[in-house]
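If you want the building blocks of each chain, they are given just below.
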Amino acid sequence: MPNFCKKVILYFILPFIFLGLVQAFGKRPSLFDEGRSLLESHQYSSAKQIFGDLLISVPDSQSAELYLFYKAKAAYYEGSFDEALGDLSRFVEDYFQSPFIPYAHLYRGNIYIRTKNPHSALTSYIESFRFSSDEKLDRILLKSVEGLVAQLSRFEKLSLSSLPDDRRCLLSIAIARGFAQQKNYQAVNKYLASCISPEASKMLREANQMLKKEIEIGLVFPLSGEYQKYGESLLDGATLMIEKYNRETGQKLKAVTYDTKGEIIEAGKIIGKLSLSSVAAAVGPLTSEETAIASAALACSDLPLIAPAASQGGLTGLSSTCFQLQPNIDRQGIKMAEYAFEQLGFDSSAVLTPTAPDNLRMANAF
C-alpha cells in the first residue's frame, strides 16, 4: 500500500478509534456515582462504605460535604441511627451554608422520632423549615410539626423569632393546629396572636368561642355509705385535676358531682341519665360491680366513661366508650406469669393465694 494511502487511513481512522476509547472510558461511573447508585438500589451498607472511603481518601475535596451527607443518609436508611446522627451533627456544624442543611435537619428529626425523642424531633423539624426553600419539603415539615404538637403533653414555648414574618405565620398555624387537636385553646391564642392571615383569624375566633364555652364533666362516686371515704378521695383528686386543666388551657370544665351511695343500681341509674344529658364525659363509679352496670348502661350511647378504680376484666367489653385506668385483675395475673417465665426463667410454679374471688381470678389468669 502506498505511503500516501496509509497516511490517509491513519488520518481518518485514528480519530474515530481515539473517540471510541474516550467514550468507553468516559462512561465508567465515578466512585461517588457508584455510591449513589448503590443507595438508590437499597444497598445501604455498601453505599455507606464508599462514601466513607471517599471522605478518608480525599478529605479536602470540594465534594467532601456531599460525601458526608450521603454517608449519613446511607447510615440512616441502614438503621445505624447513632452513626447517622453523628455524621449529620458534624455536617450541620461544618457545612452550615450547604443547600443540604434543611434535609440534614429533616433526617435528624426522623432519627429522633425513631429513637422516641419527640421534643428533639420537633426542634429539628423547625430548624429544617427555617432553612428550607423547597415547597414540598415545607408541606412535609408543617404536617410533621402539627402532628408532634398534638401528641406532646407539654414543652417549652418554641422560639420562632428567627423566621421571616410570612414563614413564622405558616409555622405558627401548624403549631396552633396541633394545640387545637389537644383542645388547648389558650396555646392557640398565644401562637396566633401576631399572625395576620385569614386562616389564623378563623382559628382565633374558634379558639375564643371554645374558651367561653363551659363543658360539664360528671363525677360519679360514692359520697355516702360504706365507701364514702374512697369516693371523697377520688372526688378531691378529680377536682384538683380539673382546676389544673382549666388553668393550663384556659377552658372552662365544670365538675358536676353525683352520689352513687355505693349501690349498684343507683350507679346504673345515674349513668343512664347522664347519657341523655349534655355532659361531655363521666368519671367513675368506684367499684367493679358499679362500673359493670354503668358500662352496660352505655351500650347504645357515645358518652365516654372513665373508670378510675375498677379492676375487674371485661368491663370495657360492655361498652365501646368505657375506659379503665386500673389494669384489670386478669391482666395483672398474666403479666406476673410473663415476668416469671421471660425474666426469671421459671417454667413451673406453685401459687399461694387467699380465696377471695379477686385473688382466685388473678391466680387462674396466672
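Conventions and cut-offs
- Residues numbered from 1 in each chain as written.
- Predicted model: local features only at pLDDT ≥ 70, side-chain atom pairs only at ≥ 80, totals over all residues.
- Heavy atoms only, no water.
- Helix = DSSP H or I, 4+ residues; strand = E, 2+ residues; numbered from the N terminus.
- Rg over C-alpha atoms; globule rule 2.2 N^0.38 Å.
- Buried < 20%, exposed > 50% of the residue type's maximum accessible area, 1.4 Å probe, protein only.
- Phe/Tyr/Trp six-rings, centres within 6.5 Å; stacked < 30°, edge-to-face > 60°.
- Lys NZ or Arg CZ within 6 Å of the ring centre and 35° of its normal.
- Core = buried A, V, L, I, M, F, W, Y, C linked by side-chain atoms within 4.5 Å.
- Contact = heavy atoms within 4.5 Å.
- Pairing = 2+ DSSP bridges.
- Axes fitted to C-alpha atoms, helices over the stretch in contact; angles between N-to-C directions.
- Salt bridge = Lys/Arg side-chain N within 4 Å of Asp/Glu carboxyl O.
- Right-handed = clockwise from strand over helix to strand, strands pointing away.
- Disulfide = S-S within 2.5 Å.

Draft legend 1. Representation of the overall build of the chain. Along the chain, the regular secondary structure elements total 16 helices and five strands. Taking 2.2 N^0.38 as the reference for a compact globule, 366 residues should give roughly 21 Å; the C-alpha atoms of the chain span a radius of gyration of 33 Å, well beyond that estimate. A principal-axis box enclosing the C-alpha atoms of the chain has dimensions of 125 × 65 × 35 Å. Out of the 366 residues in the chain, the part that is buried amounts to 37%.

Draft legend 2. Structural detail: the packing of aromatic side chains. Under the definition given, this model contains 17 aromatic pairs. Plain terms: the ring middles of Phe 32 and Tyr 70 are 5.5 Å apart, the flat faces sit at 80 degrees to each other, and that makes the pair edge-to-face. Of this pair, Phe 32 sits in helix α2 (residues 31-40) while Tyr 70 sits in helix α4 (residues 64-78), and the two are 38 residues apart along the sequence. Summarising the burial analysis for this pair, Phe 32 and Tyr 70 share the class buried. Ring centres of Tyr 227 and Tyr 230 lie 6.5 Å apart, and the angle between their planes is 50 degrees; on these two criteria the pair is classed as tilted. Classification of Tyr 227 as partly exposed rests on a relative accessible area of 28%. The side chain of Arg 167 reaches across the aromatic face of Phe 129, ending 3.8 Å from its centre.

Draft legend 3. Quick look at the nonpolar core. The biggest cluster of nonpolar side chains holds 63 residues, and the ones touching the most others in it are Leu 122, Val 145, Leu 160, Leu 171, Ile 175 and Leu 192. Ranked by the residues each element gives to this core, the list is headed by α4, at nine residues. What Leu 192 contacts, discounting residues up to four positions off in sequence, is Ser 172, Ile 173, Ala 176, Ala 200, Met 203 and Leu 204. One finds Ile 270, Val 279, Leu 303 and Leu 305 within the second-largest nonpolar core, a separate group that totals eleven residues.

Draft legend 4. The sheet that holds strand β3 (residues 281-283), seen in detail. Taken together, five strands build an open sheet; the order of strands is β2-β1-β3-β4-β5 and the sheet is parallel. Unpaired on one side and paired on the other, β2 (252-259) and β5 (322-324) mark the two borders of the sheet. Mean inter-strand twist for the sheet, computed between neighbouring axes without regard to direction, equals 25 degrees. Bridging between strand β4 (residues 305-307) and β5 involves three bridges; their strand directions are parallel. Bridge pairing in β5 links Ala 307 to Gln 324. Across the sheet, helix α12 (residues 228-249) lies against β1 (214-221) and β2, angled at about 165 degrees from β1, the strand it touches most.

Draft legend 5. Structural context of the pattern of salt bridges. If you walk through the whole model with that rule in mind, you get 13 salt bridges. Notably, a salt bridge pairs Lys 48 with Glu 83, separated by 3.0 Å at the nearest N-O pair. A residue pair is termed long-range when its members are at least 10 positions apart, and Lys 48 in helix α3 (residues 44-57) and Glu 83 in helix α5 (residues 81-94) qualify at 35 residues. A salt bridge links Lys 335 to Glu 338; the shortest N-O distance between them is 3.2 Å. Within this pair, Lys 335 and its partner Glu 338 are both found in helix α15 (residues 329-343), separated by three residues, close to a single helical turn. Overall, the relative accessible area of 43% leaves Lys 335 in the partly exposed class. Among the residues examined, Glu 338 registers a relative accessible area of 28% and is labelled partly exposed. Each member of the salt-bridge network shares a partner with another, and the members are Lys 48, Lys 71, Glu 78, Glu 83 and Asp 87.

Draft legend 6. Molecular detail of unusual backbone geometry. Cis rather than trans, the peptide bond between Gly 284 and Pro 285 has omega equal to -10 degrees. With a phi close to 60 degrees, Lys 116 is a non-glycine residue in the positive phi region. By secondary structure assignment, the location of Lys 116 is in the loop between α6 (101-114) and α7 (118-131). Its identity is not glycine, yet Lys 261 carries a phi of approximately 60 degrees, on the positive side. Considering the arrangement of structural elements, one finds Lys 261 in the loop between β2 and α13 (264-274). Judged by relative accessible area, Lys 261 falls into the partly exposed class, the value being 42%.

Draft legend 7. Structural view of the pairing of β2. Judged from the eight bridges that link them, β1 and β2 form a sheet pairing that is parallel. The partner of Glu 214 across the bridge, within β2, is Lys 252. In this region the chain leaves β1, passes through α12 and returns to the parallel neighbour β2; the handedness of that crossover is right-handed.

Draft legend 8. Examining the state of the cysteines more closely. Per the stated rule, a full pass over the model turns up one disulfide. The side chain of Cys 169 participates in a disulfide bridge whose partner is Cys 195; the two sulfur atoms lie 1.8 Å from each other. Here the S-S torsion is close to 50 degrees, and the disulfide linking Cys 169 with Cys 195 is therefore right-handed. Here the residue Cys 169 occupies a position in helix α9 (residues 165-182), and Cys 195 occupies one in the loop between α10 (185-192) and α11 (198-212), the gap between them amounting to 26 residues. With respect to class, Cys 169 is no different from Cys 195; both count as buried. Counting only cysteine sulfurs, Cys 300 is the nearest neighbor of Cys 322, a cysteine outside any disulfide, at a range of 15 Å. Taking the relative accessible area as the measure of exposure, Cys 322 reaches 3% and is therefore buried.

Everything listed here is a matter of geometry and, on its own, says nothing about what the molecule does.
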